[in-house]
Amino acid sequence: NTGGEWECFFSFLVMDATAVDKFVKGIWDSSITSELERFIEIPNQSPIFDAEWATNGFQEQVVDMFVAWLKKQPLSGYTVDVEKLPGLTPLIFVEIESTLPNETKEQAMENTILLYGHFDKQPPLTEQWDEDLRPYKPITKDGKLYGRGGADDGYAFYAAITAIAALQEQKIPHARCVVIIEGCEESGSVHLPKYIEHLSDRIGTPSLIVCLDSGCGNYEQLWLTTSLRGIVVTQLRVDILREGVHSGKASGVVPSSFRIIRKLLERVEDSETGKLLLDGLYVEIPQRRQEQAQEAANELGSLVTEEFPFVEGAKAVDLPMAELILNKTWRPALSITGVDGIPALQDAGNVLRTHTTLTLSLRVPPTLDALKGAHILKEALEKDAPYGAKVSCSILKSGSGWNSPQLADWLAAAVKDAGQTIFGKPALYQGEGGSIPFMGMLGLRFPKAQFVITGVLGPNSNAHGPNEFIHLDFAQKVTSCVALIVNAHANKPE
């Protein structure tokens, strides 16, 4: 295509954008918001957090609610199936026929758009929410709908369906679409590979994958996720005694298991800076990702650090904003997320304890093999145990990250135009520090696919934590952007 053809095409896109955006806003106002309120009320925790997930009916309740809403929408040419393989969480699979003229069935299967989200939730953490908020009680304040799972990731199903319905309402053509909504993402998507294999003939070969489970730097423009860090979870245990002994008798002679575990952690992390000390956990950061981090920092400024709920007087790591963005998206970092072997405060006696156990959460760079990183950590912690203590580092989980392929010219132009048209500001790009297991899986399975990874998890939205909210106006605008990008896909060069 020549520059003039692209200009002509995008003028056509802008002409339709107002009507598309108006339709999307209407659906959000008339039904999506109230549906999300109902969704928030359902305590459908992911399987890893709920031992009774298979029998309590919460996942089925969500699925039934989603499907019932879908059947009321102005969407044509679709089929919906609830897939339920033995022992696995249910999965919603929606197939929407192509409306492109003169496209054969074979061509449609090779030109599919796959849209992804999930409906399982993190634990409620009820006692940590503000007094006037509750995880399973939807409350709207200042345009933000508070409650567990609305932003992560209940809105995704509604957004995906509405984006396509908006195009159909304007009689704008779109490619064949499949919408996949899983129930196991917060457990590492461990059930999803079997479903992808089971549905492979029906999925086709996606040329565009849209994921609606990511973050945004602010609520003022469209953000695309360029990379995701991987994760390693290990359990580090140090045993020094066979039984607890009086601390007055043993301290000074018997090294405490806590002090030993501190010494071990000093092997892998500089306690002054938080920088990890194991060279094998680092990768070379691509130049374009460094440039995008600087562009994001220029736009966000102090919001990079101010989005976090520091206690009064506390502050962030002292580095330039672009370096902080790279720290949380492309560099390894270690967190202690659990502890065992230490009594509760009311049960603490003058006893030198037998052992200390920590859960370590290691975020690894997008392009590092997570299992390799896990073994690097394990070797560093287990070798040459201080005082001959018994040290074990058990690998509980590892999942590699993902780095987006370069956007095709048509997609880069479509993202730029959609963001400018709907938000009135340019779209921006940055990595995310968390993980979406499905992306790495799809990247390997469909190496030629293009990716649009976006979402509504912005400043203070606090997915996984207390006071989670979804910014309703922003979510509506993201939905409109997705519709325009789906339309642009229909007009991409062969």
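Residues numbered from 1 in each chain as written. Predicted model: local features only at pLDDT ≥ 70, side-chain atom pairs only at ≥ 80, totals over all residues. Heavy atoms only, no water.

### A short note on the overall build of the protein chain
Then comes step 1: Within the protein chain one finds 15 helices and 18 strands.
Then comes step 2: Computed over C-alpha atoms, the radius of gyration of the protein chain comes to 24 Å, within 12% of the 23 Å expected from 2.2 N^0.38 for 494 residues, which places it in the range of a compact globule.
Then comes step 3: Across the protein chain, every contact between residues at least 6 apart in sequence was considered, and the portion connecting residues at least 24 apart equals 82%.
Then comes step 4: For the protein chain, the accessible surface area stands at approximately 22,300 Å², while carbon and sulfur atoms represent 50% of it.
Then comes step 5: For the protein chain, the distance from the average position of its 44 positive side-chain charges to the average position of its 63 negative side-chain charges is 5 Å. (Helix = DSSP H or I, 4+ residues; strand = E, 2+ residues; numbered from the N terminus. Rg over C-alpha atoms; globule rule 2.2 N^0.38 Å. Contact = heavy atoms within 4.5 Å. Areas by Shrake-Rupley, 256 points an atom, 1.4 Å probe, with all protein chains shown as cover. Lys, Arg positive; Asp, Glu negative; His and termini not counted. Charge placed at Lys NZ, Arg CZ, Asp CG, Glu CD.)

### A look at the pattern of salt bridges
Then comes step 1: Applying the stated criterion to the full structure yields 18 salt bridges.
Then comes step 2: For R331, the salt bridge goes to E323, with nearest N and O atoms at 2.8 Å.
Then comes step 3: On the accessibility criterion, E323 (29% relative accessible area) is partly exposed.
Then comes step 4: For K477, the salt bridge identified is with D473, shortest N-O distance 3.4 Å. Of this pair, K477 and D473 both sit in helix α15 (residues 472-490), four residues apart, which is roughly one turn of that helix.
Then comes step 5: Under the relative-accessibility criterion, K477 is labelled partly exposed at 22%.
Then comes step 6: Here D473 falls in the partly exposed class, since its relative accessible area comes to 36%.
Then comes step 7: The structure contains a network of salt bridges with shared partners spanning D81, E83, E95, R176 and R202. (Salt bridge = Lys/Arg side-chain N within 4 Å of Asp/Glu carboxyl O. Buried < 20%, exposed > 50% of the residue type's maximum accessible area, 1.4 Å probe, protein only.)

### Notes on the sheet that holds strand β15 (residues 402-403)
Paired through their backbone hydrogen bonds, the strands of a sheet run either parallel or antiparallel.
Then comes step 1: The three strands lie next to each other as β15-β8-β16, forming an open sheet whose pairing is mixed. Both edges of this open sheet fall to β15 and β16 (428-432), since each of them pairs with a single strand only. (Pairing = 2+ DSSP bridges.)

### Describing the side chain of T162
Then comes step 1: Among the secondary structure elements, T162 is positioned in helix α4 (residues 150-169).
Then comes step 2: Using a relative accessible area of 2% as the deciding quantity, one classes T162 as buried.
Then comes step 3: Ignoring sequence-local partners within four residues, the contact set of T162 consists of F23, V24, I27, I32, W69 and T479.

### Comments concerning the sheet that holds strand β18 (residues 469-471)
Then comes step 1: In space, the three strands of this open sheet follow the order β4-β5-β18, with antiparallel pairing throughout. One side of each edge strand has no neighbouring strand; the edge strands of this open sheet are β4 (139-141) and β18. Strand-to-strand, the axes of this sheet are offset by a mean angle of 25°, without reference to chain direction.
Then comes step 2: As defined by bridge partners, strand β5 (residues 144-146) adjoins β18 across three bridges and the pair is classed as antiparallel. Note that in β18 the partner of Y146 across the bridge is F469.
Then comes step 3: Across the sheet, α15 lies against β4, β5 and β18, angled at about 60° from β18, the strand it touches most. (Axes fitted to C-alpha atoms, helices over the stretch in contact; angles between N-to-C directions.)

### A look at the packing of helix α8 (residues 257-268) against helix α12 (residues 370-382)
Helix-helix packing is described using two parameters, namely the angle between the two axes and the distance between the axes.
Then comes step 1: Interhelical geometry of α8 versus α12 gives an angle of 135° and a closest axis separation of 9 Å. As far as their axial angle goes, α12 and α8 are oblique. Read as a crossing pair, α8 and α12 show a hand that is right-handed. The residues of α12 that touch α8, namely those facing L264, L265, R267 and V268, are L377, A380 and L381.
Then comes step 2: The residue inventory of the contact of α8 with α12, partitioned by class, reads six nonpolar, no polar and one charged. (Parallel < 35°, antiparallel > 145°, perpendicular 65-115°, else oblique. Left-handed = near helix turned anticlockwise from the far one by under 90°. Nonpolar A, V, L, I, M, F, W, Y, C, P; charged D, E, K, R; others polar.)

### Re helix α13 (residues 409-423)
Along an α-helix, residues three or four apart share an orientation, since each turn contains 3.6 residues.
Then comes step 1: The terminal C-alpha atoms of α13 lie 21 Å apart, and with 15 residues this matches the ideal 21 Å at 1.5 Å per residue to within 8%.
Then comes step 2: Where α13 is concerned, the buried positions are W410, L411, A414, V415, D417, A418, G419, I422 and F423.
Then comes step 3: Looking one or two places after α13, you find G424, whose phi comes out positive at around 75°. (Expected span 1.5 Å × (residues − 1).)

### Re the pairing of strand β9 (residues 230-239)
Then comes step 1: With eight of 10 residues buried, β9 lies mostly within the body of the structure.
Then comes step 2: The sheet contact formed by β9 and strand β13 (residues 355-364) spans 10 bridges and is antiparallel. Within β13, the position partnered with I231 by the bridge is R363.

### Let's talk about helix α2 (residues 58-70)
Then comes step 1: Compared with an ideal rise of 1.5 Å per residue, which puts 13 residues at 18 Å, α2 spans 19 Å between its outermost C-alpha atoms and is within 8% of the ideal.
Then comes step 2: Listed in full, the buried residues belonging to α2 are Q59, V62, V63, M65, F66, V67, W69 and L70.

### Focus on the nonpolar core
Then comes step 1: With 96 residues, the main nonpolar core has F66, F157 and I470 as its most contacted residues.
Then comes step 2: Here this core gets 13 residues from one element, more than from any other, and that element is α4.
Then comes step 3: If near-sequence neighbours (up to four positions away) are discounted, I470 is found in contact with W28, L36, G143, K144, L145, G150, A151, Y155, V456 and A475. (Core = buried A, V, L, I, M, F, W, Y, C linked by side-chain atoms within 4.5 Å.)

### Observations concerning the confidence of the model for the protein chain
Then comes step 1: Chain-level statistics for the protein chain give a pLDDT mean of 95 and a share of 97% at 70 or above.
Then comes step 2: Low confidence marks residues 1-12, where pLDDT is under 50. Its contacts with residues over four positions away, or in another chain, come to 11 contacts. (pLDDT = per-residue confidence, 0-100.)

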